[in-house]
Amino acid sequence: MCGIVGYTGKLNAVEVVLSGLRKLEYRGYDSAGIAMLHDCSMDVLRAVGRVDALARKTANISYVPHNAIGHTRWASHGRPSEINAHPHCDNTGQIAVVHNGIVENYSTLRSELLQSGAKFLSETDTEVAAVLIGHLYKGNLVEAVIQATQRFEGTFALGVVCIDHPDMIVGARRGPPLAVGAADDGAMMLASDALPILPYTRNVCYLEDNQIVALQPGKMELYANGVQIEARLQKICWTAEESERGGYRHYMLKEIYEQPAVLRRLAANLVANAGSLSPVSPPTFNLDNFPLNNDALRKLSRVVIVAQGTAFHAGLIGRNMIERTVRIPVSVEYGSDFQYRDPVIDPSVLVISVSQSGETADTLGAVRLAKERGCTTLAIINTVGSTIARESHGVIYMHAGLEIGVASTKAFTAQIAALYVLAIHIGLQRGTLSDADAVRRVADLLQVASRVDEALACAEQVKAVALKYKDSANALFLGRGTGFPLALEGALKLKEISYVHAEGYDAAEMKHGPIALIDERMPVIVLALKGRRYDKIISNIQEVKARGGRVIVIASHDDTEIADKVDDVIRVHDDRGIMNSIVCAIPFQLFAYEIAVARNCDVDKPRNLAKSLTIE
Ligand code: AGP
């Protein structure tokens, strides 16, 4: 996703902005640029590729600017190029704009502006925004931005500067997030998220949709629908250290190893009486502002989970959890489809969104539709203060901490754990889960972090297996039951960071087509833990082996039969419960990581990908 950083204050604005853009690199991008104001003039520099390429260009400036806006671009309109990189200027060259989102009516606006004599250099919607702001500017920059954004259809997070206002940055937001930081020394910052602001202040205000802010050193004016309102700053809890790699080679590896701590923190945050559990003292949960009381929970007709990508896979596991404890139908939907399919939902349906960033446009659109139809919406979110969290009736935070690696790992296992807590809570409230069973389930949750520790201890073994298959062009992941969403997740991890074509399938589905792919060049990774469907999985493995396939299994610690049937075995401690879904995710994450590293891929910033998809 595109990244925005703006700074106005006493420091060297170029240094602050470039450093901030580097902290946003995890979002994924293909070019970068900066606009610097000084002595009533402005320079704009842009470069294709990494922020370092832009930094080399700024090294030649002969002054120290104290007001600058910068941008990392993830190409949506127009190919990655210097001419399409942001900032874009109006026709006078006095106004520069950086933008995240899509102005969907940009071609209409472009035609109108062309008729009034405007000129365009690029193919981007952002340049249209800049030219329109310049066209409307009559001396009041805030007013020009208000009028222009009222013409925009679609989404935007904007940063705008103007030569006439050498210490001012104007921000505007509809859709993609935009945060404002107010430092103790009076400096003001604008950024796509809190990360670039962290080193200077923790006092942050997240703009709401259709809000506009004017920043000058020591001064912040916030406008909602054109009317000035009070700005409320909040303290962000992340530390700057969390945003560092902490000695790990990649953020993704750090986040894989953070999972035991995340799971312990999540359990400690969500389980109110973990220390005094007993069959006569059932678990209670810290679910602040839970949007449904017991009566409403008992009237629930069904649950819909909406999510994308990895969060969708967590949702599939959550479906099994909730159906087992709550005994009502649960469906899992891609938000991208749900919001446009005119789904059959009503106020008796609980719509649960699952999202690490809390900004995924596809998921947000589904939540907004559910609210329009009178459904109660509950969000399971990692990013505090994010849009989906703020727009839902209730939110359960995962407490996974900052996840910087584009490939989601600790957020995935935290999502599963949060859905597990929700399933227990609703089951208890509806009376479909006994106290004793709830105690047993919470005990599994409290133990799962230790099982993850054990799985991480096998990292070297996983690496040895992964390196045997690092040159495969394809891979198949198979599983049954909860193993199927894990197979989907394992395939997604491998494909998104190593660019190997990998597919996840329900193992039962193999004979309905995918088995045609099997030969000695196709590694097949199978989730084969002991359980009700173990024998069927063994049959699937034998079908693959009979056709020359090479089989790697994730197997139970106490399975003494399987080794003779396959090529490689990776064992996990199997407690025969659904918390295995968290434990089995670890070897998949490590498997994908080791292959990506062996293939010299950019693990934290995979090509074409972004950490948060705030556009549809
Ligand atoms: C996961 O590794 C991917 N980066 C991607 O599928 C991600 O899970 C998806 O875009 C949803 O993001 P969210 O959890 O922030 O909504």
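**Things to note about the pairing of strand S4 (residues 67–73)**
Most of S4 sits inside the fold, with seven of its seven residues counted as buried. The alternating pattern of S4 places Asn67, Ile69, His71 and Arg73 and Ala68, Gly70 and Thr72 on opposite faces, both of which are buried. Where strand S1 (residues 3–8) lies against S4, six bridges are found, and the strand directions are antiparallel. Note on S4: the bridge partner recorded for Ile4 is His71. Here seven bridges tie strand S2 (residues 31–38) to S4, and the two strands are oriented antiparallel to one another. In the sheet register, Ile34 faces S4, and the bridge partner there is Gly70.

**What to know about the sheet that holds strand S24 (residues 550–556)**
Two modes of strand pairing occur in sheets, parallel and antiparallel, and in both the strands are linked by backbone hydrogen bonds. The strand order across the open sheet built from five strands is S22-S21-S23-S24-S25, with neighbouring strands paired in parallel fashion. Since the sheet does not close on itself, it has two edges, and those belong to strand S22 (501–506) and strand S25 (568–572), each with one partner. Neighbouring strand axes in the sheet, compared pairwise and without regard to direction, differ in orientation by 20 degrees on average. Across six bridges, strand S23 (residues 523–528) lies against S24 in parallel orientation. Bridge pairing links Ile525 to Ile552 in S24. In the packing of helix H15 (residues 459–468) onto the sheet, the strands contacted are S24 and S25, and the crossing angle to S25 comes to about 150 degrees.

**Notes on the site of the ligand**
Taken together, 14 residues lie near the ligand, and Ser355, Gln356, Ser357, Thr360 and Glu496 sit nearest. With respect to the ligand, the backbone of Gln356 contributes an N or O atom lying 2.7 Å from an oxygen atom. Interatomic distance of 2.5 Å between a side-chain N/O atom of Thr360 and an oxygen atom of the ligand. Protein chains bury 91% of the 410 Å² of accessible surface belonging to the ligand in isolation. The cavity where the ligand resides is the second largest pocket. Counting only elements with at least two residues in the shell around the ligand, the list comes to helix H9 (309–326) and helix H16 (483–498). Mapping the shell around the ligand onto the domain boundaries places at least three of its residues in each of domain 2 (251–456) and domain 3 (459–598).

**Points about the domain arrangement of the protein chain**
As far as domains go, the protein chain holds domain 1 (3–240), domain 2 (251–456) and domain 3 (459–598). Facing the ten residues of domain 1 at the interface are twelve residues of domain 2. Buried surface at the junction of domain 1 and domain 2, both sides included, amounts to about 950 Å², of which 58% is carbon and sulfur. Where domain 1 packs against domain 2, one counts three salt bridges. For the salt bridge of Arg390 with Glu208, the shortest nitrogen-to-oxygen distance reads 2.7 Å.

**Things to note about the pattern of salt bridges**
Enumeration according to the criterion identifies 30 salt bridges in this entry. The residue Asp437 makes a salt bridge to Arg440 at a minimum N-O spacing of 3.5 Å. Placement of the pair is Asp437 and Arg440 together in helix H14 (residues 435–456), with a separation of three residues, close to one helical turn. Each member of the salt-bridge network shares a partner with another, and the members are Arg173, Asp209, Glu359, Arg368 and Glu391.

**Quick notes on the packing of helix H1 (residues 13–23) against helix H2 (residues 51–58)**
Closest axis-to-axis distance for the H1/H2 pair is 10 Å, and the angle between their directions is 170 degrees. One element, H1, and the other, H2, form an angle in the roughly antiparallel class. Contacts between H1 and H2 pair Val14, Leu18, Leu21 and Arg22 from the former with Val51, Asp52, Leu54, Ala55 and Thr58 from the latter. For the contact of H1 with H2, the per-class residue count stands at six nonpolar, one polar and two charged.

**Let's talk about the layout of surface pockets**
Here the largest pocket is characterised by a volume of approximately 700 Å³. Along the walls of the largest pocket sit 30 residues, with Arg324, Thr482, Lys530, Gly577 and Asn580 positioned nearest its centre. Broken down by secondary-structure element, the contributors of at least two residues to the lining of the largest pocket are H9, helix H13 (410–430), H14, H16, S23, helix H17 (534–545) and helix H18 (580–583). No other element matches the four residues that H14 contributes to the lining of the largest pocket. Residue classes in the lining of the largest pocket are distributed as twelve nonpolar, eight polar and ten charged. Both domains that meet at the lining of the largest pocket, namely domain 2 (251–456) and domain 3 (459–598), each give it at least three residues. The volume enclosed by the second largest pocket comes to roughly 510 Å³. What lines the second largest pocket is a set of 25 residues, among which Gln308, Gly309, Thr310, Lys611 and Leu613 lie closest to the centre.

Rules used in this analysis
- Residues numbered from 1 in each chain as written.
- Predicted model: local features only at pLDDT ≥ 70, side-chain atom pairs only at ≥ 80, totals over all residues.
- Heavy atoms only, no water.
- Buried < 20%, exposed > 50% of the residue type's maximum accessible area, 1.4 Å probe, protein only.
- Helix = DSSP H or I, 4+ residues; strand = E, 2+ residues; numbered from the N terminus.
- Pairing = 2+ DSSP bridges.
- Axes fitted to C-alpha atoms, helices over the stretch in contact; angles between N-to-C directions.
- Contact = heavy atoms within 4.5 Å.
- Near = heavy atom within 4 Å.
- Polar contact = N/O pair within 3.5 Å; in protein donor to acceptor, adjacent residues only side chain to side chain.
- Areas by Shrake-Rupley, 256 points an atom, 1.4 Å probe, with all protein chains shown as cover.
- 1 Å grid on protein atoms, 1.4 Å probe; cavity = no way out; pocket = protein on both sides within 12 Å on 5 of 7 lines; lining within 4 Å.
- Sits in = over half its atoms within 2 Å of the grid points.
- Domains from an automatic or database assignment.
- Buried area = accessible area lost by both parts, 1.4 Å probe.
- Salt bridge = Lys/Arg side-chain N within 4 Å of Asp/Glu carboxyl O.
- Parallel < 35°, antiparallel > 145°, perpendicular 65-115°, else oblique.
- Nonpolar A, V, L, I, M, F, W, Y, C, P; charged D, E, K, R; others polar.
- Points joined across faces, edges and corners; volume = space filled by probe spheres on them.

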